[in-house]
Amino acid sequence: EPPQTGRLALYLLGLRATCPPPRSHRTLVTWLKHYLEEDWIGERDGRPLTSFYQYGLGVLALCVHHKRVREGVIRRLLTAQNYGRLGHHGSLVDTRAMVALAFTCLEQRKLVGTKLAAQLRVAAHDISRDIAKLQGSNGIIGNIYSTPWALQVFLATGACQTESEFSRGMAALLENLEAFGTAATMAQVLPVLHGRSYLDIASMHCQEEPDTLTPLDMEPLAEVPGNKMVQLVVECPLPWCYELRLYDCSIPVPASASLLDVLQAAAALEPHVFKFHTQDTPHGPFLTQVLGLEARLEKRNYWQLLRAPDTPLQMGIADYRPKDGETLILRLSEW
């Protein structure tokens, strides 16, 4: 299995934000340093075994805990940024934003030498400018889930805070808050709504933090009476398949059904024809296999979720609720 770099990094960020007792996380920090090295031992074509997103997240988590990172580890990210290896298409904003946050943290916390700090500062500002250019006319940068990361970079680097890119991105978030329904997505958008970034965790004064956390009783979504029909299409273009359209069927489901419910209904309707698999992630179930075709990290492909003909969905399969008569496409795509 790939090292759990990203998962452990997220846990350490959350742990730091809860103001833990001193030295309660020392062993976990050591493990994260180990994962960063192990991640690169299995590198492919100058890329870590997991992803540059997880690698950058790991560096950021160590920085927030005021832990120095070996210069070689940092320069792997810097080289990837300088040679344009950080991501393509949908993953571009998330990955570059995470790397920019890690660079900015290392520079601001003075955890690197003067020369390297200057290089990291330049790289972070370059990333910030490039990300701003990817903003759509609707204010969204990349997709709705990438937008909080982009705005965290603007806040951390001091770039675009008074520019239209920042205000338009904030307006887009406020218009789409219903998309952030899981703990992981809430965690990335809440700092931005308070004018903060993950870097602010590093400067928290824990003695002043009141213990105000209380459980939140989540009310289940109200049931919508009736049924609906959803057209489900599976596409697999070259070079993976010779035939583009592999599945096309109208699926009857309850009116309140999510896309995940549609997939489950399709599997129940034709169990020998339609099969799919998901993987649990902090953001909810992630579609990994459809009709026996598996999306794999090493092949750089994934199952893209589209509303016909070519509109990417801004939510995951468990959150998106298609309308009656809507056509949804599962398309094996390259990132």
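Because the structure is predicted, anything quoted here is derived from the model rather than measured.

Considerations on the environment of G325
Part 1 of the argument: Structurally, G325 can be placed in the loop between β7 (311–312) and β8 (327–334).
Part 2 of the argument: Taking the C-alpha atoms as reference, G325 lies 5.3 Å from V230; in sequence the two are 95 residues apart.

Overview of the nonpolar core
Part 1 of the argument: L60, L106, L232, L263, F274 and L330 are the most contacted members of the largest nonpolar core, which has 98 residues in total.
Part 2 of the argument: Considering every element that reaches this core, the biggest residue donor is helix α5 (residues 92–108), with 10 residues.
Part 3 of the argument: Composition of this core by domain shows at least three residues from each of domain 1 (5–203) and domain 2 (227–334).
Part 4 of the argument: Non-local contacts of L263, meaning those with residues more than four positions away in its chain, are made with L232, F274, F276, L287, I317 and L330.

Considerations on the state of the cysteines
Part 1 of the argument: Tallied over the entire structure, the rule returns 2 disulfides.
Part 2 of the argument: Between the sulfur atoms of C63 and its disulfide partner C105 the distance amounts to 2.0 Å. One quick way to see it: the torsion about the S-S bond of C63 and C105 is about -95°, and its sign makes the bridge left-handed. Placement of C63 in helix α3 (residues 52–64) and of C105 in helix α5 is noted, with a sequence separation of 42 residues between them. Assigned by exposure class, C63 and C105 land together as buried.
Part 3 of the argument: What pairs with C236 in a disulfide is C241, and their sulfur atoms sit 2.0 Å apart. Judged by the sign of its S-S torsion, about 80°, the cystine formed by C236 and C241 is right-handed. There is no split in this pair, since C236 and C241 are both buried.

Details of the pattern of salt bridges
Side chains carrying opposite charge are able to pair once their charged atoms draw close together.
Part 1 of the argument: Scanning all chains against the criterion turns up 10 salt bridges.
Part 2 of the argument: Where R129 meets D126, a salt bridge forms, and the shortest distance between an N and an O atom there is 2.3 Å. Placement of both R129 and D126 in helix α6 (residues 114–132) is noted, with a separation of 3 residues, approximately one turn of the helix.
Part 3 of the argument: Its salt-bridge partner being E235, residue R331 comes within 2.8 Å of it at the nearest N-O pair. Separated by 96 residues along the polypeptide, R331 in strand β8 and E235 in strand β1 (residues 227–235) bring together distant segments of the chain.
Part 4 of the argument: Looking at R331, the relative accessible area reads 18%, which means it is buried.
Part 5 of the argument: Given the relative accessible area of 6%, E235 is considered buried.
Part 6 of the argument: Several salt bridges converge on common partners, so that one network encompasses E235, R245, D248, D310 and R331.

Basis of the calculations
Throughout this description, residue numbers start from 1 for each chain and increase along the sequence as written. Totals for whole chains, interfaces and linings use every residue, but because this is a predicted model, local features are given only for residues with pLDDT of at least 70 and side-chain atom pairs only at 80 or more, for both listing and counting. With hydrogens and water set aside, each side-chain value is computed from the structure's full complement of heavy atoms. Each helix corresponds to a stretch of at least 4 residues labelled H or I by DSSP, and each strand to a stretch of at least 2 residues labelled E; elements are numbered beginning at the N terminus. Buried residues of nine kinds, namely Ala, Val, Leu, Ile, Met, Phe, Trp, Tyr and Cys, make up a nonpolar core once their side-chain atoms join them within 4.5 Å. Exposure classes here rest on a 1.4 Å probe applied to the protein chains alone. A residue is buried below 20% of its type maximum, exposed above 50%, and partly exposed in between. Residue ranges for the domains trace back to a domain assignment, done automatically or taken from a database. In what follows, a contact means two residues having at least one pair of non-hydrogen atoms within 4.5 Å. Cysteine sulfur atoms are paired as a disulfide whenever they fall within 2.5 Å. Here, a salt bridge means any Lys or Arg side-chain nitrogen found within 4 Å of an Asp or Glu carboxyl oxygen.

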